[in-house]
Each structure stands twice: as structure tokens, then as C-alpha cells.
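# Understanding the architecture of this molecule
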Amino acid sequence: PSFTLPELQSGELSNGMPVLVSNNSETPLVSVRIVFNTGEWNSENPKLATATMDMMTEGAGDLDAAGLSAAQRKLAAQISSYAGLDGSAITLSSLKKNLDESLGLLDLIISNPSFPEKDWGILKSKYTQRLIADSKDPNAIAGNVFSGLMYNNQYAGRKSVQTDIDSITPEQMKEWYSQNVTKEQASIYVGGDTTLEEVLPLLEAHFVDFPSNEVELPDLPSKKLLPDASPSTIYLVDSPGASQSVIYAGQFVSERTDEDSEELYLSNMAVGGLFIARINMNLREDKGWTYGARSSISYNHLPGLFRVRTSVVAEHTAESLSEILKELR
């Protein structure tokens, strides 16, 4: 069947924040995503950006977490926030008829988050539990070791430790928020049952006074962070009692903006990006050593990282590695 990409409508608020709108009127829903150029990459503590964005929906203005949750249920709206490696975002999903009120609630969360100490204690406990669980999970261990080796334990290879979590305070989160959740770093993306003409006045009314701070961001991560090229090397981490071996293998490839990025994407689909791709058909369908094996390419501020990931029957670890390398070559 033929497919036509939707035409994006572009505009901006009077304060300079860019707005992109994609219309889809199949259902009376509207999604609003405010995206920031700031995230884990521009924070010395690898957990601070995540903690700040997670806490933004735990209290705002006179409303605590329960009050915000009740306000969302009343409007049949859903608001979430998160931070990633290269950026962060706050997202609203709303019924079209309640969009104005829902944007008002989103405005409250963005403009006046409270970062309550009690809720931070609960969230900190969850972070700690996850850290303990990851320290015993062969999948998490392999993934963390792989990222650390590929990125020299910097930028995308940094691993949070307990001291990172323990050192975060509500005051630090407020400071990160004031420097990074700003109109200078923000763009607004809207999709659903609306048009630029309809939604722009609503966005203007709620976000014309969006928080502002012209703090200069640090330089983007440099390729100098990456380790020098070396021969193929195998690193082993013993995880006693594991019934399977978790394998990560990879190398850096071209950047997303390179002319051949689409060809690289499609070729990966044939090699390991699909169930019927060569690596999975070899290790799962032919050999029966795994439930699944995939390869993928991820991008960030540095060149793309090609990786193969699978869990295999322990006694066939070496043979599986050999078959993976054979398919790649």
C-alpha cells in the first residue's frame, strides 16, 4: 500500500519556542510533547537529570502527587516526564475537548514543581532497589560492562552507583531544573486531532511565560572520548549460577547524518534486525541455542553504535560467538 508522510505545520510562540504540529483526526485525542536539549549528558551526576524529571510529576504548586494524579483523572489526561542520555521531555495526552484545561495542568507542573522531600525518599529507595537488582542480573551486568568499555566509562558509558543516588538533594534538582527546563532549550511537538491554527493560541496562553535561563551548555561530547581502535577482544564477567550466557558484541559505525545511514539501517534488518534475519535464524532456528538474537544501531551525540545482543545456552557460548562473527563477516 502507498504511504504518505504527514505534512508538519510549523510555527513558534511569541517567546521564540518552536512548535511543530502533525494532524491526525482519527480519534479525538491530542498529544503534546515538550522536548529539551538537556539531559544526562550535561550533568556531572549521571542520575541527577533522571531524578529531576521523574520528580516533576510528584508535586506542583499546592498539589502533591495524589492531587496531581486526581486532577489528571478528572480530565482523562495523562502527564509524564523523563530524562534520557541526550535530552528530556514532558508529555501530555489529552482529550481534545479538555485540551485547554489539561495544558493548564501541564503549565503548573512545568512552572512550579515542588520536589517534595518525602516523595524523593520513596523514589530514591526505588532507584536503590533497581541498582541492587541490576548488580545481580546477568543482562544488566553485560549491558553495563559493554557500554563502559565502548565509551571509556564516560558519557553514554557512565554507570550510576549508590553514591550518585545518595548525594542528590531536592535543592540540586531545583537547580538542575532552573538551568535546563527552559524556553531556550525547548521545542513543542503536537500530534492528533488539532491544527497549528487551533493549538497555537492555547500554547501561547499557557507557555508564553515559560521558565527562562540563558545558561550556556557545555560542549557536546567529543569523539576523543572513544577508545582507540583495537583488535577484536573478548571480555568475560563471571555470574555464578546463571543458566545462560549473555553476549554483547559491537563496534562504532557512521553517524545518523551520514549519507549512507538509511542503507546501513536496511542492511542491519537483513543481518540481525528482524526475527527472520540471519543471526536469529542461525542461533535460534538452526542451532536452538537461544530464544532470540538481535542486532541494532543506536545513535547519540557520538557515532552510531552497532550491537548484537543475545542470551545463549551456557555450554554453547564460544560456538555462538563464533557463529555471530561468521554472520557479521
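Quick caveat: nothing in here was measured; it's all calculated off a predicted structure.

Another point: the overall build of the protein chain. A count of helices and strands for the protein chain gives 11 helices and 11 strands. Each principal axis of the C-alpha atoms in the protein chain carries an extent, and together these give about 60 × 55 × 40 Å. Of all 329 residues assigned to the protein chain, the portion counted as buried reaches 41%. Within the protein chain, counting contacts between residues at least 6 apart in sequence, those at least 24 apart form 76% of the total. In the structure as shown, the protein chain presents an accessible area of about 18100 Å², 51% of it carried by carbon and sulfur atoms. Of the side chains in the protein chain, 26 bear a positive and 44 a negative charge, and the two mean positions are spaced by 7 Å.

A separate point is helix α1 (residues 48–55). The buried fraction of α1 amounts to 7 of the 8 residues, a majority that puts the element mostly inside the structure. Inspection of α1 places Leu-48, Ala-49, Thr-50, Ala-51, Thr-52, Met-53 and Met-55 among the buried residues, and these make up the whole buried set. Buried residues belonging to α1 abut β4 (59–60), β6 (78–83), β7 (88–95), α4 (117–136) and α7 (170–180).

This paragraph deals with the environment of Ser-94. Looking at where Ser-94 falls in the secondary structure, it is placed in strand β7. Among the residues examined, Ser-94 registers a relative accessible area of 0% and is labelled buried. Residues contacting Ser-94, with those up to four places away along its chain left out, are Pro-28, Leu-29, Val-30, Leu-99 and Ser-102. A polar side-chain atom of Ser-94 sits 3.1 Å from a polar atom in the side chain of Ser-102.

A cluster of nonpolar side chains, contributed by Val-145, Leu-149, Tyr-235 and Val-237, occupies part of the molecular surface with about 350 Å² of accessible area. With respect to the helices, strands and loops of the structure, Val-237 is situated in the loop between α8 (196–207) and β9 (244–252).

Taken together, Asp-258, Glu-259, Asp-260, Glu-262 and Glu-263 make up a surface patch of like negative charges. With respect to the helices and strands, Glu-259 occurs in the loop between β9 and α9 (261–273).

Geometrically, a pair of aromatic rings is defined through the distance of the ring centres and the angle of the planes. Counted by the stated rule, this structure contains 7 aromatic pairs. Between Tyr-151 and Phe-252, the aromatic rings sit 5.4 Å apart at their centres with planes inclined by 80°, giving edge-to-face as the arrangement. In this pair, Tyr-151 sits in the loop between α5 (138–150) and α6 (162–166) while Phe-252 sits in strand β9, placing the two residues 101 residues apart along the sequence. Tyr-151 gets classed as buried once you look at its relative accessible area, which sits at 3%. When the centroid spacing of 6.1 Å and the interplanar angle of 65° are considered together, the rings of Phe-207 and Phe-210 count as edge-to-face. Across this residue pair, the class does not change: Phe-207 and Phe-210 are buried. Grouped by ring-pair contacts, the aromatic residues Phe-36, Phe-207 and Phe-210 constitute a single cluster. In this structure, Lys-47 is placed above the aromatic ring of Tyr-127, and the distance from its NZ or CZ to the ring centre is 4.5 Å. In this arrangement the basic side chain of Lys-287 is found over the ring face of Trp-289, its NZ or CZ atom lying 5.9 Å from the centre.

A word on the nonpolar core. Val-32, Ile-34, Leu-106, Ile-188, Leu-203 and Phe-207 are the most contacted members of the largest nonpolar core, which has 47 residues in total. Among the elements that make up this core, the one with the highest residue count is helix α3 (residues 99–111) (6 residues). In this view, Val-32 contacts Ile-90, Thr-91, Leu-92, Leu-99, Leu-103, Ile-188, Tyr-189, Val-190 and Leu-203; residues no more than four positions away in its chain are not counted. Judged by nonpolar contacts, the second largest core, of 11 residues, contains Ile-279, Phe-306, Val-308 and Val-312.

This part is about the sheet that holds strand β11 (residues 305–313). Within a sheet, each strand pairs with its neighbour through backbone hydrogen bonds, oriented either parallel or antiparallel. The strand order across the open sheet built from 3 strands is β9-β11-β10, with neighbouring strands paired in antiparallel fashion. The open sheet has two free edges, formed respectively by β9 and β10 (290–298), since each of these has just one partner strand. Between one strand axis and the next, the sheet turns through 10° on average, direction left out of account. Both β10 and β11 contribute to a ladder of 7 bridges, which runs antiparallel. Following the sheet pairing, Ser-298 is matched in β11 by Leu-305. Relative to β10, α9 is tilted by about 165°, and along the sheet it contacts β10 and β11.

Each value, and the rule that gives it
- Residues numbered from 1 in each chain as written.
- Predicted model: local features only at pLDDT ≥ 70, side-chain atom pairs only at ≥ 80, totals over all residues.
- Heavy atoms only, no water.
- Helix = DSSP H or I, 4+ residues; strand = E, 2+ residues; numbered from the N terminus.
- Buried < 20%, exposed > 50% of the residue type's maximum accessible area, 1.4 Å probe, protein only.
- Contact = heavy atoms within 4.5 Å.
- Areas by Shrake-Rupley, 256 points an atom, 1.4 Å probe, with all protein chains shown as cover.
- Lys, Arg positive; Asp, Glu negative; His and termini not counted.
- Charge placed at Lys NZ, Arg CZ, Asp CG, Glu CD.
- Polar contact = N/O pair within 3.5 Å; in protein donor to acceptor, adjacent residues only side chain to side chain.
- Patch = residues over 30% accessible without salt bridge, like charges linked within 9 Å, V, L, I, M, F, W, Y side chains within 5 Å.
- Salt bridge = Lys/Arg side-chain N within 4 Å of Asp/Glu carboxyl O.
- Phe/Tyr/Trp six-rings, centres within 6.5 Å; stacked < 30°, edge-to-face > 60°.
- Lys NZ or Arg CZ within 6 Å of the ring centre and 35° of its normal.
- Core = buried A, V, L, I, M, F, W, Y, C linked by side-chain atoms within 4.5 Å.
- Pairing = 2+ DSSP bridges.
- Axes fitted to C-alpha atoms, helices over the stretch in contact; angles between N-to-C directions.

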